[in-house]
Amino acid sequence: MLYKNKKILKIYIPLLTVIILTLALFVTGCFKKEAKKEIILATTTSTQDSGLLDKLIPLFEQKTGYKVKIIAVGSGQALAMGERGDADVLLVHSPQEEEKLVEKKAVINRHLVMHNDFILVGPEEDPSGVRNTTDIFEAFKTIAKNKALFVSRGDNSGTHKKELEIWKGAGITDFEKASWYQSTGQGMGASLDVASEKKAYILTDRATYLAKKKKLDLVILKHGDKTLLNIYHVMQPNPEYIKGVNPGVAKLLNVDGAEKFIKFMIDSSTQKIIGEFGKDMFGEPLFTPDAGKKENDLN
Amino acid sequence: MNTILEGIKKGLMMLFSFNKEVYGIAFFSLKVSLTATLISVIVAFPIAMFLALKDFPGKKAVISFVNLGMSLPPTVVGLWVSLILWRSGPLGIFRLIYTPAALIIAQTVISTPIVLSLATAAFQQLDHKLKWQIMSLGATPLQLMYLMAKEARYSLMAAIIAGFGGAISEVGASMMVGGNIEGYTRVLTTAIVMETSKGNFETALALSIILMTLSYLATFWLTFIQQRRS
């Protein structure tokens, strides 16, 4: 009887081989069609959620013939993708982290693109009275003192990094273990929903807040501080650096496409579109175009 | 409450106005998940039959391992598949990350253990004597496979339905390996997550209605085949 089973095996094995070969062919077919004419853009959720990229990317694709694959993640992950060479170009808002990569020569061609600002929002009643504080650091101190509920993204994004910077500046430590401090580990939009439902304070970028404002029970309580600037840069991984870390990846980088994208983002006509974006929907632009300016001159 | 009503209204409108973008995403979701299910079935059925009908040492251990695969968390699959497919990963040179192929791979990895486990159980339920009976009538191994599969068709269909359900409803892995790229790798589940995070609850709800309708129709169709008298 057993030899009959072996006969079955004899059929399975060629069958499985055929399947695997077909799959392999299918898969190779897929990547051959992928021309070199595409770039992977790693960016933050804010640029996608605000709708800015929906407006800009088709223009870029039309102009250059490149196809852009937008991967919207937190700035932390986007920078990590750039450092590994898993993305061709980055559009992020975490200047301090970016500078570390510049120093390591992991990224090159870094340019200031635009800024908007971070704002502290919370429930209309403002139970801790942060409205009346002198600056953002005082506001954070008041929240900690009153043990008022505070929602954090906790996802290593640019916004999360900025929040940590402010806690540090306010001289508050050990907040991450406190019961009034809740970390969602999610993007800005989802975290705003959590804060709104829980009547908590939260630090957010203005663009995402405005885009979602109608659905939120949150009002702006603190804004306009220089500390609260939210600055976006474009940059690309350094092919030389990637070669050193992972030579196989360096060959896959689309250096030309990345250069074209960066040029596009700081081009005056693109900058004009950025400056107009959001006016029709929110009554005010969501971003201020900054190409060619110095980071320190922003206010 | 208002959001829910608005969403349902908008969803129905989107369904019946044949919104091109929405149907594009829906059709693409269906294509990816059906392909993944088909591959799972092709891979899993022969193995399941082998596991169920052949005795070998350590068989119980192998089957318990297969069953364990059913509870493989999709997010874990997403993480591993993306680590492998990233440019910096071992299969990076194939440029598969953020392509429809990556979606199919991830969904196949998720649905194969489900199909395999349920199909193994289906074949094991068959009367063992049936095998000898078919073989004694002089059936070739291929005929044996066909007849056994036919005999177990109800349970096998259930396995396919479960595999398809696992694939189309999956979001974590699809987000990680596909990247939710508009017009390219955006599927219903990742679109729902994105619209939710944008605060467009109506659109998200509308897409969810379409997703449920689709999975229901697909399941209905598979059930129809399952219940058909042969």
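Per an unreviewed UniProt entry, chain B goes by the name Sulfate transport system permease protein CysW and belongs to Thermovenabulum gondwanense. Its UniProt record gives chain B the following Subcellular location (unreviewed entry) comment, quoted word for word: "Membrane".

The name given to chain A in an unreviewed UniProt entry is PBP domain-containing protein, with Thermovenabulum gondwanense as the source organism.

Draft legend 1. Just the domain arrangement of chain A, in detail. All names here are of chain A. For chain A, the assigned domains read domain 1 (38-116 + 230-293) and domain 2 (117-228). With centres defined by C-alpha atoms, the gap from domain 1 to domain 2 works out at 26 Å. Across the boundary between the two partners, domain 1 contributes 16 residues, which contact 17 residues of domain 2. Contact between domain 1 and domain 2 buries roughly 1,300 Å² in total, counting both sides, with carbon and sulfur atoms accounting for 58%.

Draft legend 2. Structural detail: the side chain of Lys69(A). Mapping Lys69(A) onto the fold places it in strand 2 (residues 67-72). A distance of 3.2 Å separates the side chain of Lys69(A) from the side chain of Glu38(A), its partner in a polar contact.

Draft legend 3. The arrangement of the UniProt feature "transmembrane region" (unreviewed entry) in chain B in detail. Residue and element names in this part refer to chain B. In the numbering used here, UniProt assigns the feature "transmembrane region" (unreviewed entry) to residues 22-53, 65-86, 98-123, 154-177 and 204-225. Annotated as residues 22-53, this span is 100% helix and 0% strand, and its ends, taken at the C-alpha atoms, are 45 Å apart. Within the segment residues 65-86, helix and strand shares are 73% and 0% respectively, and the terminal C-alpha atoms sit 28 Å apart.

Draft legend 4. Highlighting a nonpolar patch on the surface. On the surface, Val76(B), Leu79(B), Trp80(B), Leu83(B), Ile84(B) and Leu91(B) cluster together to form a nonpolar patch covering roughly 510 Å² of accessible area. Within the fold, Leu91(B) resides in the loop between helix 4 (74-85) and helix 5 (100-125).

Draft legend 5. The arrangement of the side chain of Ser117(B) in detail. Residues and elements named next belong to chain B. Locating Ser117 in the fold gives a position in helix 5. You can call Ser117 buried: its relative accessible area is 5%. Side-chain polar atoms of Ser117 contact the side chain of Asn67, separated by 2.6 Å. With residues up to four places along the chain from it excluded, the contact list for Ser117 reads Val66, Asn67 and Met70.

Conventions used here
- Residues numbered from 1 in each chain as written.
- Chains lettered and ligands numbered in written order.
- Predicted model: local features only at pLDDT ≥ 70, side-chain atom pairs only at ≥ 80, totals over all residues.
- Heavy atoms only, no water.
- UniProt positions renumbered as here; feature names shortened; annotations may be inferred.
- Domains from an automatic or database assignment.
- Contact = heavy atoms within 4.5 Å.
- Buried area = accessible area lost by both parts, 1.4 Å probe.
- Helix = DSSP H or I, 4+ residues; strand = E, 2+ residues; numbered from the N terminus.
- Polar contact = N/O pair within 3.5 Å; in protein donor to acceptor, adjacent residues only side chain to side chain.
- Patch = residues over 30% accessible without salt bridge, like charges linked within 9 Å, V, L, I, M, F, W, Y side chains within 5 Å.
- Areas by Shrake-Rupley, 256 points an atom, 1.4 Å probe, with all protein chains shown as cover.
- Salt bridge = Lys/Arg side-chain N within 4 Å of Asp/Glu carboxyl O.
- Buried < 20%, exposed > 50% of the residue type's maximum accessible area, 1.4 Å probe, protein only.

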